[in-house]
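Survey of secondary and tertiary structure
Next come the chains, spelled out residue by residue.
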Protein chains: 2
Amino acid sequence: MPATQLPFSTAEYDRRLAKVRAAMAAKEIDVLFIEDPSNMAWLTGYDGWSFYVHQGVIVFHDEDPIWWGRAQDANGAVRTVWMADERVASYTDNYIQSPKLHPMETLAALMRERGYGGKRIGLELENYYFSAKAYLVLKDELPDASLIDATALVNWQRTVKSDEEIVFMRRAARISEKIVDGIMERVEPGLKKNDLVAEIYGDAIRGVDDDWGEYPAIVPLLPSGSDAAAPHLTWDGRRFDEGSATFFEIAGCYRRYHVPFCRTVFLGTPPQYLLEAEKALAEGLEEGLEAARAGNRAGQVADALYKSLEKAGIKREGRCGYPIGISYPPDWGERTISFRTEDDTILEPGMTFHFMPGLWMSDWGLEITESILIRDTGAAECLCNRPRKLFVKN
Amino acid sequence: MPATQLPFSTAEYDRRLAKVRAAMAAKEIDVLFIEDPSNMAWLTGYDGWSFYVHQGVIVFHDEDPIWWGRAQDANGAVRTVWMADERVASYTDNYIQSPKLHPMETLAALMRERGYGGKRIGLELENYYFSAKAYLVLKDELPDASLIDATALVNWQRTVKSDEEIVFMRRAARISEKIVDGIMERVEPGLKKNDLVAEIYGDAIRGVDDDWGEYPAIVPLLPSGSDAAAPHLTWDGRRFDEGSATFFEIAGCYRRYHVPFCRTVFLGTPPQYLLEAEKALAEGLEEGLEAARAGNRAGQVADALYKSLEKAGIKREGRCGYPIGISYPPDWGERTISFRTEDDTILEPGMTFHFMPGLWMSDWGLEITESILIRDTGAAECLCNRPRKLFVKN
């Protein structure tokens, strides 16, 4: 039983487990193995930086889940999961990064012992941390089982947030606002990028009042000038320049719940093309927010944005948003719905997204984004409350 | 061509590529696909937080490598890799987290176009980010190819560090020392854990003089009291208590090179069992460092430590060290050699390890560790220079 207080109520964990079991039944899955740390945490409360070794949660139809992982991490599991201590199973250290042994041999043995050696076993085939080798070992060790692709089965149960989850996301949003305020206050020509990142981490982790901050699933990104065309480069020790734009992509994180938020800053007098892009983007965001309402398709948000941008002569396509919530590195997205034309998912109240119409041109970039909550009626609510504009500092 | 200066010389990249090609030849691999971000960076210079989507480097015997990944990250690739711009290939955004399309379809097409559809293709089957699904798609799309397990093939080429790399690791070590000094200065009863973590990140990322710090591949870990039995729990907002021990597991990171370093702090007067464990651990470390010399087996380091601990009545087994160097989340280890009895790898000058004999008991933990460099002769050199003891603060 957990030594620390569980983040959510028993009723909440019960509800989650019931949803997952129903989804398993719909795919005729007898037992489900999930390795995604976000899914593990959402379902059981497990929280630790141990996903660099094989671990997971086994979900049954008729008994409580089992946390399975490395022996030294079982200590962390009994401290964080809602299940009884005897629902924590582990393997010894000689299986770690061994050329001869693989942890999945022990998972397969557990499956056989419990009578699932010839059953339909669901696996997250497309997931960080569930390697090709893990699959091949299970296949070899469980020749009579049917291995079913259960990619994102749990993730899809996470799309609509409960009231308890929304409380956490609002706390994360306060942290996001604090980070952005700190950036605007401190950024200036001559400041070293890594020194600003140090302050960003300070704000992110100190949090707001008693709501402490955690590590975000993606590090702060803040490319400047032509480097802003490359959205995922990380910082270095160079100094901010007068006369150039920098976009800041950050997220506040509270109890693993993320609220990403991006704003762009220009140091000096911005060029006309950037002001025009800002105007187009602000209008596009407004149109997208109007389309982000319960009953609409996810693709309509993208279409509304792209149509608006096109009026300003900006051709944008692809993905401009993704669901957010509980997450671990390397990504704070939920990897289910996408804001893109071809996504026909119907939006529901309680869904949360990062509406992320970043413009990455060949030699400049502009990011002004909003994390949003789909409401019962009307346009989406923005979780953060800061001006939706290009920030200019002279 | 890179917009920023490459971290290493051309000769260094040439040497690395030659080593990898020789290892490919030894396994009769015609073409190698690597998805491990550490291997990608080590071989090409690529550096970005984009490993949450499929990407990789394709290594040929007779032409320069190709960076392959998402279109928006190709902008980052041309800015960071040593290869010419035309050696950067990409796929469009509709392949991202799509239920219908998979990026590996485009990699398979590239392999076929270049004449490797029926060849021996090496893959990192046991690796973060190379999913089971990625393997299954490649297998399906390349029915005439032989897919060869090339797990850790590149990692093994990284074990012996060049002089250029050792310069980076010494810089990372200065950052590690700064972090530990900051912890010792600031930790006290009543301080909130997250507030101390904010300072740790500050020191880590500000770096030392002009050597800016980067995000470590593992977040700072600092469990206290009985929670220290669980080595991978992350921080929360609770306050440090008088009368309890906390271990700090941190790493300075310079240009993605890590030097992990752990020390334990007791606030108040430590109990006798902890002082005895400290003494035993310090002696065991000394014995292990003596055994960590060129020509010895990796297992001898573990044996020396365990034999020494046993004299003090402490039974320790399993792994007590791993190679370190360039890395990305979720792990700062190189995943090749292990300090454990059964590892017969011969130590060579230039190898670097985190010698990590953490003691995680049922209700307390003690970590005093050293990152080490195997020398030409004599015992290993410790990269950090701080007292090897339990820190006590009254």
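Residues numbered from 1 in each chain as written. Chains lettered and ligands numbered in written order. Predicted model: local features only at pLDDT ≥ 70, side-chain atom pairs only at ≥ 80, totals over all residues. Heavy atoms only, no water.

If you check an unreviewed UniProt entry, chain A appears there as Ectoine hydrolase DoeA from Aquibium oceanicum.

Turning our eyes to something else, we now look at the sheet that holds strand β4 (residues 88-91) of chain A. Residues and elements named next belong to chain A. Spatially, the six strands line up as an open sheet ordered β4-β3-β2-β1-β5-β6, and their pairing is mixed. What marks the edges here is a single partner per strand, and that holds for β4 and β6 (146-149). Between one strand and the next, the sheet's axes are offset by a mean angle of 25°, whatever the strand orientation. One ladder, built from four bridges, connects strand β3 (residues 66-70) with β4; its direction is parallel. Across the sheet, residue R70 finds its bridge partner in β4, namely Y91. Strands β3 and β4 of the sheet are contacted by helix α3 (residues 71-80), whose axis makes an angle of about 145° with β3. (Pairing = 2+ DSSP bridges. Helix = DSSP H or I, 4+ residues; strand = E, 2+ residues; numbered from the N terminus. Axes fitted to C-alpha atoms, helices over the stretch in contact; angles between N-to-C directions. Contact = heavy atoms within 4.5 Å.)

It is worth spelling out the environment of B:E141 at this point. All names here are of chain B. The topology assignment puts E141 in helix α5 (residues 132-141). With relative accessibility at 26%, the residue E141 sits in the partly exposed group. When the C-alpha atoms of E141 and E105 are compared, they prove to be 6.7 Å apart, with 36 residues separating the residues in sequence. Apart from residues lying up to four places away in sequence, E141 is in contact with E105, A108 and R112. (Buried < 20%, exposed > 50% of the residue type's maximum accessible area, 1.4 Å probe, protein only.)

Time to look at the sheet that holds strand β14 (residues 381-382) of chain A. All names here are of chain A. Judged by pairing direction, the sheet is antiparallel, and its four strands sit side by side in the order β9-β10-β13-β14 without closing on themselves. Each edge of the open sheet carries a strand with a single partner, namely β9 (321-323) and β14. Helix-sheet contacts for helix α9 (residues 272-291) involve β10 (352-355), β13 (370-373) and β14, and the interaxial angle to β10 is about 160°.

Residues and elements named next belong to chain A. Domain boundaries in chain A define domain 1 (10-157) and domain 2 (163-393). Just the C-alpha atoms count here: the centres of domain 1 and domain 2 sit 33 Å apart. At the interface, 19 residues of domain 1 touch 17 residues of domain 2. Here domain 1 packs against domain 2, burying approximately 1,400 Å² in sum over the two surfaces, 55% of which is carbon and sulfur. Taken together, the links from domain 1 to domain 2 amount to two salt bridges. (Domains from an automatic or database assignment. Buried area = accessible area lost by both parts, 1.4 Å probe. Salt bridge = Lys/Arg side-chain N within 4 Å of Asp/Glu carboxyl O.)

With that settled, the discussion passes to the UniProt feature "domain: Peptidase M24" (unreviewed entry) in chain A. In this structure's numbering, the residues bearing the UniProt feature "domain: Peptidase M24" (unreviewed entry) are residues 169-375 of chain A. Helix makes up 32% of residues 169-375 of chain A and strand makes up 18%, while its end C-alpha atoms are separated by 15 Å. (UniProt positions renumbered as here; feature names shortened; annotations may be inferred.)

Another aspect to go through is the relation of the copies chain B and chain A. Placing chain B over chain A gives an RMSD of 0.0 Å and needs a rotation angle of 180°, together with 0.0 Å of translation along the axis. What we have between these two chains is a two-fold relation. When each C-alpha of chain B is compared by its distance to the rotation axis, B:A132 comes out closest, at 1.9 Å. Both copies present the same face, since 100% of the interface residues in chain B are matched by interface residues at the equivalent positions in chain A. (Least-squares fit on C-alpha atoms with pLDDT ≥ 70 in both.)

Residue and element names in this part refer to chain A. As for its placement among the helices and strands, T246 is situated in strand β7 (residues 244-254). Its relative accessible area of 3% is what places T246 among the buried residues. Here the side chain of T246 touches S224 through a polar contact of 2.6 Å, side chain to side chain. In contact with T246, other than residues within four places in its own chain, are K193, L222, P223, S224, F240, R263, T264 and V265. (Polar contact = N/O pair within 3.5 Å; in protein donor to acceptor, adjacent residues only side chain to side chain.)

In this section: the packing of helix α4 (residues 103-113) of chain A against helix α5 (residues 132-141) of chain A. Residues and elements named next belong to chain A. In contact at an axis separation of 9 Å, α4 and α5 are set at 40° when each is read in the N-to-C sense. In terms of axis orientation, α4 runs oblique to α5. Considering how the two elements wind past one another, α4 and α5 form a crossing that is right-handed. Here M104, E105, L107, A108 and R112 of α4 lie close against α5, whose contacting residues are A134, V137, L138 and E141. Looking at side-chain class alone, the contact of α4 with α5 contains six nonpolar, no polar and three charged residues. (Parallel < 35°, antiparallel > 145°, perpendicular 65-115°, else oblique. Left-handed = near helix turned anticlockwise from the far one by under 90°. Nonpolar A, V, L, I, M, F, W, Y, C, P; charged D, E, K, R; others polar.)

Let us now look at the environment of A:I34. Mapped onto the fold, A:I34 is located in strand β1 (residues 31-34). In this structure the C-alpha to C-alpha distance between A:I34 and A:Y91, which are 57 residues apart in sequence, comes to 17 Å.

Burial in α5(A) covers these residues: A:A132, A:A134, A:Y135, A:V137 and A:L138. Tucked inside the fold, the buried residues of α5(A) contact α4, β5 (120-123) and β6 of chain A together with α5 of chain B.

This paragraph deals with the pattern of salt bridges. Applying the stated criterion across every chain, the model contains 59 salt bridges over all chains. As a salt-bridge pair, B:K133 and A:D149 come within 3.7 Å of each other at their nearest N and O atoms. You can see B:K133 sitting in helix α5 and its partner A:D149 sitting in strand β6, one on each of two chains. Residue B:K133 is classed as partly exposed on the basis of its relative accessible area of 27%. For A:D149, a relative accessible area of 26% corresponds to the partly exposed category. Between B:R335 and B:D36 there is a salt bridge, with its nearest N and O atoms 2.6 Å apart. Pair noted here: B:R335 is in the loop between β9 (321-323) and β10 (352-355) and B:D36 is in the loop between β1 (31-34) and α2 (37-44), with a separation of 299 residues, a long-range link. For B:R335, a relative accessible area of 15% gives the class buried. Salt bridges here are not isolated pairs; linked through shared partners, they connect A:E12, A:R15, A:R16 and A:E165.

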